[in-house]
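# Residue-level structural notes
Each chain, written out:
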Amino acid sequence: MSKSIFVCQNCGAEHRKWAGQCLDCSEWNCIVEQNDAAITARVGSKGKVLNSSSITEISTKESPRRNTGVEELNRVLGGGLVPGSAVLIGGDPGIGKSTLLLQASSHLAALGGILYITGEESVSQVKMRGERIDALHQDLMLISASELESIMATISKQRPAAVVIDSIQTMVTNRLTSAPGTVSQVRDCAAALIQQAKQLGHALILAGHVTKDGSIAGPRVLEHMVDAVLYFEGDKGHTHRILRAVKNRFGPAGEIGVFEMSDRGLIGIRDASKLFLAERAHDVPGSTVLACMEGTRPLLVEVQALVAPTVYSTPKRSSVGLDINRIAMLAAVLERRIGIPLGQYDIYVNVAGGARISEPAADLAVLLAIISAYQEKPLPSDMALFGEVGLTGEIRPVGNPEARVREAASLGFSKLLLPRENETRVQESNLAVTLRKSAVGLTCLPAKHLSEAVQIALG
Ligand code: TYD
Ligand code: MG
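For every chain, the first residue of the written sequence is number 1, and numbering continues from 1 along that sequence. Here every chain gets a letter starting at A, and every ligand a number starting at 1, in the order they are written. Note on the predicted model: pLDDT of at least 70 is required for a residue's local features to be given, and 80 or more for side-chain atom pairs to be given and counted; whole-chain, interface and lining totals, by contrast, use all residues. In computing side-chain values, all of the structure's heavy atoms are included and hydrogens and water are not.

Taken together, 16 residues lie around ligand 1, and Gly94, Lys97, Ser98, Thr99 and Ser262 are the ones closest in. The separation between an oxygen atom of ligand 1 and a polar main-chain atom of Gly265 is 2.9 Å. Taking 560 Å² as the accessible area of ligand 1 by itself, protein coverage stands at 74%. Among the elements of the structure, helix H3 (97–108), helix H4 (123–132) and strand E11 (256–262) are those that each provide at least two residues to the shell around ligand 1. Secondary structure follows DSSP: runs of H or I at least 4 residues long count as helices, runs of E at least 2 residues long count as strands, and numbering of each begins at the N terminus. Top element by residues in the shell around ligand 1 is H3. It accounts for three residues. Whether a residue is near a molecule or strand depends on its heavy atoms: if one lies within 4 Å, it is near. Any N or O atom pair separated by 3.5 Å or less is treated as a polar contact, with the protein-specific requirement of one donor-capable and one acceptor-capable atom, and with residues adjacent in sequence counted only for side-chain atom pairs. Surface exposure here means Shrake-Rupley accessible area, sampled with a 1.4 Å probe, where a residue is shielded only by the protein chains that are shown.

Here is the structure:
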């Protein structure tokens with residue numbers, strides 16, 4: 001075995017042996033083992049002159065995407081799996097990664113063979129799951145293994161159309177002495193598998209556990225190496241799961257797929273808004289319905305707020321599913337622009353059903369939920385809303401108003417509170433005509449300032 005050196009990932013200093021702290025830059029947990037044969041080879045080679053091509057003359061043959069058979073997964077991938085691409089699916093242990101991969105594999109198998117490598121379970125365990133979720137196909141080949149070199153040799157011999165590695169944290173290369181799951185093992189194994197996939201042209205799907213403990217490498221260290229990164233979210237208390245593309249070289253990032261975990265595997269949910277609004281209580285204070293966008297998909301979710309007198313010297317702002325700094329800012333806007341003395345109150349905000357919202361279009365829904373909770377006055381239960389709120393309390397337009405309006409109308413909401421500029425745009429588009437004709441009876445209620453919105457929703 002060739003000798004290894006240990007390189008600090010922070011400052012690049014090289015060490016003879018591993019240490020918890022780099023002696024050069026004093027950073028902790030940043031030293032990673034590297035195989036020095038590879039490094040010497042790279043430094044020692046002279047390099048040859050490369051050919052350049054004019055950008056106008058490069059041929060771009062769009063490779064056909066492969067249908068994974070799981071519609072929500074196709075959507076998140078941007079229309080299917082691209083041959084030769086490397087996809088990382090991350091998520092907490094037990095969230096459903098193996099289930100999803102097995103379901104997709106049984107469909108992909110029909111398109112030219114798939115090699116499913118499981119480092120965590122035995123092949124009979126995988127088969128038992130496959131029987132339960134109806135994912136058996138004779139060209140779905142299983143291997144229970146974890147040694148990288150043997151796996152790669154098998155792949156080049158069998159030449160499958162796609163390879164699934166479940167999970168990357170269980171893979172080990174014998175070039176390194178470090179334990180499976182460490183940063184250097186995970187990164188080295190992934191790099192080798194990705195390079196092989198690009199050379200041979202098969203699609204590669206890596207499953208990776210998200211770990212809170214820093215000693216085991218999570219999927220984050222691989223994000224820059226792959227073409228697409230999908231995260232599986234959802235909490236254990238709910239049966240639904242959200243698959244979110246945080247990076248995608250072949251499609252839009254931010255796209256989501258919604259699933260429900262059943263006893264027969266994951267079931268795609270096309271009408272996700274209905275699912276998120278299913279448990280909504282009507283006519284209770286502190287609840288609003290937000291029309292938000294998840295990628296290209298409109299989604300209605302319930303935003304809940306609770307305002308309670310504080311027992312702390314600094315009042316608490318807490319949030320599930322929304323950015324906490326944004327909540328603190330919005331609370332300050334409320335205090336200064338609407339005159340609600342929130343300095344004496346704790347604020348809790350929650351997106352019902354475990355969804356996670358990161359767009360500023362949620363501002364108005366958050367603010368009205370807080371005001372509604374504070375005044376103990378419910379909003380009309382047939383009202384949905386969206387809009388960004390600035391520091392002066394002005395309501396700003398957001399992207400895709402038409403899609404939001406359409407989604408609210410299709411779910412039977414009869415009032416929609418929205419930024420004035422967005423309302424103008426909707427009125428000018430032919431969507432307004434369609435809505436009027438289709439007897440849905442959705443009324444758009446435009447507002448320019450937060451005080452105006454409060455008047456409309458709670459006045
Ligand atoms: P799994 O796919 O093994 O998770 P991961 O690979 O992300 O660790 O999913 C395991 C969970 O899903 C487990 O708690 C059982 C549940 N499950 C179902 O509810 N129905 C099913 O059909 C399957 C296969 C799993
Ligand atoms: Mg698993």
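The next thing to look at is the domain arrangement of the protein chain. One can read the domain layout of the protein chain as domain 1 (4–37), domain 2 (71–270) and domain 3 (275–458). By definition, a salt bridge exists where a carboxyl oxygen of Asp or Glu is found within 4 Å of a side-chain nitrogen of Lys or Arg. Counting every contact that joins domain 1 to domain 2 gives zero salt bridges. Where domain 1 packs against domain 2, one counts zero residue pairs in polar contact (both at pLDDT 80 or more). Each residue receives one of three labels: charged for Asp, Glu, Lys and Arg, nonpolar for Ala, Val, Leu, Ile, Met, Phe, Trp, Tyr, Cys and Pro, and polar for the others, Gly being one of them. By residue class, the composition of the side of domain 1 that touches domain 2 is one nonpolar, three polar and one charged. Domain delimitation follows an automatic or database domain assignment.

So, on to the pattern of salt bridges. In the structure shown here, the tally under the stated rule is 21 salt bridges. The salt bridge partner of Lys127 is Glu131, with a shortest N-O separation of 3.8 Å. Of this pair, Lys127 and Glu131 both sit in helix H4, four residues apart, roughly one helical turn. Overall, the relative accessible area of 43% leaves Lys127 in the partly exposed class. For the salt bridge of Arg326 with Glu388, the shortest nitrogen-to-oxygen distance reads 3.8 Å. Placement of Arg326 in helix H8 (residues 324–338) and of Glu388 in strand E18 (residues 388–389) is noted, with a sequence separation of 62 residues between them. Three exposure classes are used, based on accessible area relative to the maximum for each residue type with a 1.4 Å probe and protein chains only: buried under 20%, partly exposed in between, and exposed over 50%. Classification of Glu388 as buried rests on a relative accessible area of 18%. Connected via shared salt-bridge partners are Arg326, Asp363, Glu388, Glu394 and Arg396.

The next thing to look at is empty space enclosed by the protein. Points on a 1 Å grid over protein atoms alone make up a cavity when a 1.4 Å probe fits among them but cannot get out, and a pocket when they form an open set with protein on both sides within 12 Å along at least five of seven lines; lining residues each have an atom within 4 Å of a point. Grid points are joined across faces, edges and corners, and a volume is the space filled by probe spheres set on the points. Taken as a whole and judged by the stated rule, the model has three cavities of 30 Å³ or more. Looking at the largest cavity, its volume works out to about 80 Å³. As for the largest cavity, its lining consists of Arg280, Ala281, His282, Asp283, Val284, Ser287, Thr288, Val289, Leu379, Pro380, Ser381 and Met383. A per-element tally of the lining of the largest cavity places strand E13 (residues 287–294) first, with three residues. Residue classes in the lining of the largest cavity are distributed as six nonpolar, four polar and two charged.

Another point: the sheet that holds strand E16 (residues 345–351). Strand pairing within a sheet occurs via backbone hydrogen bonds; the two strands may be parallel or antiparallel. Here we have seven strands laid out as an open sheet, ordered E15-E16-E14-E13-E17-E20-E21, and mixed in their pairing. Bordering the open sheet on either side are strand E15 (317–320) and strand E21 (443–447), each of which pairs with just one other strand. Averaged over all pairs of adjacent strands, the angle between strand axes in this sheet comes to 25°, irrespective of strand direction. Two strands pair under a simple rule: DSSP has to find at least two bridges between them. Here strand E20 (residues 415–419) runs beside E21; their pairing, made up of five bridges, is parallel. Residue Lys415 lies in a different strand from E21, and its bridge partner there is Thr443. Note on contacts: a residue pair is in contact if any heavy atoms of the two residues lie within 4.5 Å. Helix axes use the C-alpha atoms of the stretch in contact, all axes being lines fitted to C-alpha atoms, and the angles between their N-to-C directions lie in the range 0 to 180 degrees. Where helix H10 (residues 401–410) meets the sheet, its contacts fall on E13, strand E14 (297–309), strand E17 (383–385) and E20, and the angle it forms with E14 comes to roughly 80°.

What follows deals with the environment of Ala228. Along the polypeptide, Ala228 turns up in strand E9 (residues 228–233). Exposure remark for Ala228: the relative accessible area of 2% places this residue in the buried category. Contacts of Ala228, omitting those with residues within four sequence positions, involve Ala86, Val87, Leu88, Lys247 and Asn248.

Between helix H5 (residues 148–158) and helix H6 (residues 183–200), the shortest axis-to-axis distance is 11 Å and the interhelical angle comes to 10°. Judged on the interaxial angle alone, H6 and H5 are roughly parallel. Contacts from Leu148, Met152, Ile155 and Ser156 of H5 reach H6 at Cys189, Ala192, Leu193, Gln196 and Leu200. Among the residues forming the contact of H5 with H6, the class breakdown is seven nonpolar, two polar and no charged. Note on terminology: angles under 35 degrees are roughly parallel, angles over 145 are roughly antiparallel, angles of 65 to 115 are roughly perpendicular, and the others are oblique.

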